[in-house]
Amino acid sequence: MNAAQELHTRALVADTHNDLLCSVASRKPERWGSYFREQWLPQLRAGGVNLQVLPVFIDDQYRPEGALRRTLRMIEAAHRIAADNADSVRLSLNGEQVDGALQDDRIALVLALEGMPGIDESVELLETMHRLGVRIASMAHSGRGAFADGSAEDAAGSRLTAAGVEAVAEMERVGIMLDVSHLGVGGVDHLLEIATRPVIATHSSARALLDHHRNLSDAQLRGIADNGGVVCVNFYAPFLDSGEASIDRLIDHIEHIAGVVGVDRVGLGPDFVREVLEDTTAPCCDWEAPAPFSGEEFLPGLEGPEGLPLVTEALLRRGWAEAEILGVLGGNVASLFRAELGRTARERG
């Protein structure tokens, strides 16, 4: 075992965005637990993943009428994954449960909502989602939502809606961590103005290196750090470089963000989607998925979680200290979760 392999094996590895729930929930319910064990658990183990955030992403075909039903189906799939694989994973509701899962050599799973189309303007349902185990949520996806506009609507220059402002306060009250990824530039700025608790960017890269609407500016990065949050870098190639992206270009984004916010405020939010898309394309499933990507959207070797040790290897090549690498791989996210995950305003004091 070389130095990179040894370090990666020793690390707490946290992935704050993998859409594998889309893959699992596309099967019939009786297959959810076994399918995760067969298809996804080996990949997570191969990548050394100890802490996995599971976003609930709702495809356009379910919006708007079926969004809440699809949201509940995916949440149920997460609970069945945990119940049917209790020897390997644990659905974790707070930092103590994350640590408990890690101590038992189980992967800590954390439920997140991406964009929340199933809630629409019904802010009161955020407490329901918390009861169901949701611990992180983003305000928008790419388009216009009830709480805010996604980054694809940046030309509108909009801030959070009135319902969005109310949702921020409610999420902070019940203990759902705010995720700024996908939020439009005006929405990010507005959210950082009013947030009183640390936020997270689950899968966002640096706009200074590529001027893409999905990336965060240096000012926004500093705002997240000043707020006590963590920025988790996206691996999706079109967000990293306008040409042919590489692992080295990913490290450029990690290093830039670390230079702006500090090495203790950076994590990994890979956004692995190739496997999900291929796995949910007919005839395997209950619905017809869009055509697969061309392949140019993915970093060579980092198409899925099994490639995560390559990040450790690349950081070592760049001369990063072991302690810094351990933080970026997952220690920084784990520290944030220990302090904030699932804690109500009353518990936080």
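Novice: I'd like a rundown of the overall build of the protein chain, residues and numbers included.
Specialist: For the protein chain, the helix and strand inventory stands at 14 helices and nine strands. The C-alpha atoms of the protein chain give 18 Å as radius of gyration, which agrees with the globular expectation for 349 residues (20 Å, within 12%). For the C-alpha atoms alone, the extent of the protein chain along its principal axes is close to 50 × 45 × 45 Å. Classification of the 349 residues of the protein chain by burial places 58% in the buried group. Relative to all contacts within the protein chain whose residues are 6 or more apart in sequence, the contacts with residues 24 or more apart total 73%. Surface exposure of the protein chain reaches about 13,400 Å², of which carbon and sulfur atoms provide 48%. Charge centroids of the protein chain, computed over 31 positive and 53 negative side chains, lie 5 Å from each other.

Novice: Now, about the pairing of strand β8 (residues 230-233): what can you tell me, with residues and values included?
Specialist: Because side chains alternate across β8, one face comprises the buried residues V230 and C232, and the other comprises V231 and V233, equally buried. With respect to chirality, the unit in which strand β7 (residues 200-201) leads through helix α9 (residues 218-226) into the neighbouring parallel β8 is right-handed. As paired elements, β8 and strand β9 (residues 266-268) share three bridges and run parallel to each other. Across the sheet, the residue bridging to V231 is V266, located in β9. For the segment spanning β8, helix α10 (residues 247-261) and β9, crossover handedness is right-handed.

Novice: With reference to specific residues and values, describe the pairing of strand β2 (residues 49-57).
Specialist: For β2, the tally of buried residues reaches nine of nine residues, placing the bulk of the element in the interior. Note: strand β1 (residues 13-15) against β2, three bridges, orientation parallel. Residue pairing for β2: V13 is matched across the bridge by V49. Pairing geometry for β2 and strand β4 (residues 107-114), over seven bridges, is parallel. When the bridges of β4 are listed, V53 appears paired with V110.

Novice: Report on the nonpolar core, specifying residues and quantitative values.
Specialist: If you look at the biggest cluster of nonpolar residues, it comprises 93 residues, and the most contacted ones within it are M139 and I254. Considering every element that reaches this core, the biggest residue donor is α10, with eight residues. Beyond its immediate stretch of four places on either side in the chain, M139 contacts G115, M116, F147, A148, G164, A167, V168, M171, L178, D179 and L183. Listed in part, the 19 residues of the second largest apolar core include V53, A101, V110 and A112.

Novice: Can you explain the layout of surface pockets? Please cite residues and give values.
Specialist: Estimated volume of the second largest pocket: approximately 300 Å³. Lining the second largest pocket are 16 residues, and of these R63, P117, R144, G145 and A146 lie nearest its centre. Its residues assigned to classes, the lining of the second largest pocket comprises eight nonpolar, five polar and three charged.

Novice: Tell me about the environment of D87, and name the residues and values.
Specialist: Turning to its location among the elements, D87 is positioned in the loop between α4 (67-84) and β3 (89-91). C-alpha separation for the pair D87 and I224, spaced 137 residues apart in sequence, amounts to 36 Å. Excluding residues within four positions of it along the chain, D87 makes contact with R37 and R106. Separated by 2.7 Å, the side chains of D87 and R37 make a polar contact.

Novice: Pulling in residues and values, what's your account of the pattern of salt bridges?
Specialist: Scanning the model with the defined rule gives 23 salt bridges in all. Between R10 and E6 there is a salt bridge, and its shortest N-O distance comes to 3.0 Å. One end of the pair is R10 and the other is E6, both in helix α1 (residues 3-10) and four residues apart, which spans about a single turn. Residue classification places R10 among the partly exposed residues on the basis of a relative accessible area of 45%. We classify E6 as partly exposed; its relative accessible area is 33%. Between E127 and R131 there is a salt bridge, with its nearest N and O atoms 3.8 Å apart. Note that E127 and R131 are positioned in helix α6 (residues 125-131) at a spacing of four residues, about one turn of the helix. A single salt-bridge network, built from bridges that share partners, covers D241, D248, R249, D252, E255, E313, R317 and R318.

Novice: Before we move on, can you summarise the packing of α10 against helix α12 (residues 309-317) with the specific residues and values?
Specialist: Viewed as axis vectors pointing N to C, α10 and α12 meet at an angle of 70°, and their least axial separation amounts to 10 Å. Classified by the angle their axes make, α10 and α12 are roughly perpendicular. Our pair here, α10 against α12, has a crossing hand that is right-handed. Facing I247, D248, L250, I251 and I254 of α10, the residues of α12 in contact are L310, V311, A314, L315 and R317. A breakdown of the residues in the contact of α10 with α12 according to their chemical character gives eight nonpolar, no polar and two charged.

Novice: Lay out the side chain of H17 in plain terms, naming residues and giving numbers.
Specialist: Along the chain, H17 falls in the loop between β1 and α2 (20-25). A relative accessible area of 3% places H17 in the buried class. A polar side-chain atom of H17 sits 3.4 Å from a polar atom in the side chain of D19. For H17, the contacting residues outside a window of four places in its chain are Q52, V53, P55, E114, T202, H203, G269, P270, D271 and F272.

The rules we used
Residues numbered from 1 in each chain as written. Predicted model: local features only at pLDDT ≥ 70, side-chain atom pairs only at ≥ 80, totals over all residues. Heavy atoms only, no water. Helix = DSSP H or I, 4+ residues; strand = E, 2+ residues; numbered from the N terminus. Rg over C-alpha atoms; globule rule 2.2 N^0.38 Å. Buried < 20%, exposed > 50% of the residue type's maximum accessible area, 1.4 Å probe, protein only. Contact = heavy atoms within 4.5 Å. Areas by Shrake-Rupley, 256 points an atom, 1.4 Å probe, with all protein chains shown as cover. Lys, Arg positive; Asp, Glu negative; His and termini not counted. Charge placed at Lys NZ, Arg CZ, Asp CG, Glu CD. Right-handed = clockwise from strand over helix to strand, strands pointing away. Pairing = 2+ DSSP bridges. Core = buried A, V, L, I, M, F, W, Y, C linked by side-chain atoms within 4.5 Å. 1 Å grid on protein atoms, 1.4 Å probe; cavity = no way out; pocket = protein on both sides within 12 Å on 5 of 7 lines; lining within 4 Å. Points joined across faces, edges and corners; volume = space filled by probe spheres on them. Nonpolar A, V, L, I, M, F, W, Y, C, P; charged D, E, K, R; others polar. Polar contact = N/O pair within 3.5 Å; in protein donor to acceptor, adjacent residues only side chain to side chain. Salt bridge = Lys/Arg side-chain N within 4 Å of Asp/Glu carboxyl O. Axes fitted to C-alpha atoms, helices over the stretch in contact; angles between N-to-C directions. Parallel < 35°, antiparallel > 145°, perpendicular 65-115°, else oblique. Left-handed = near helix turned anticlockwise from the far one by under 90°.

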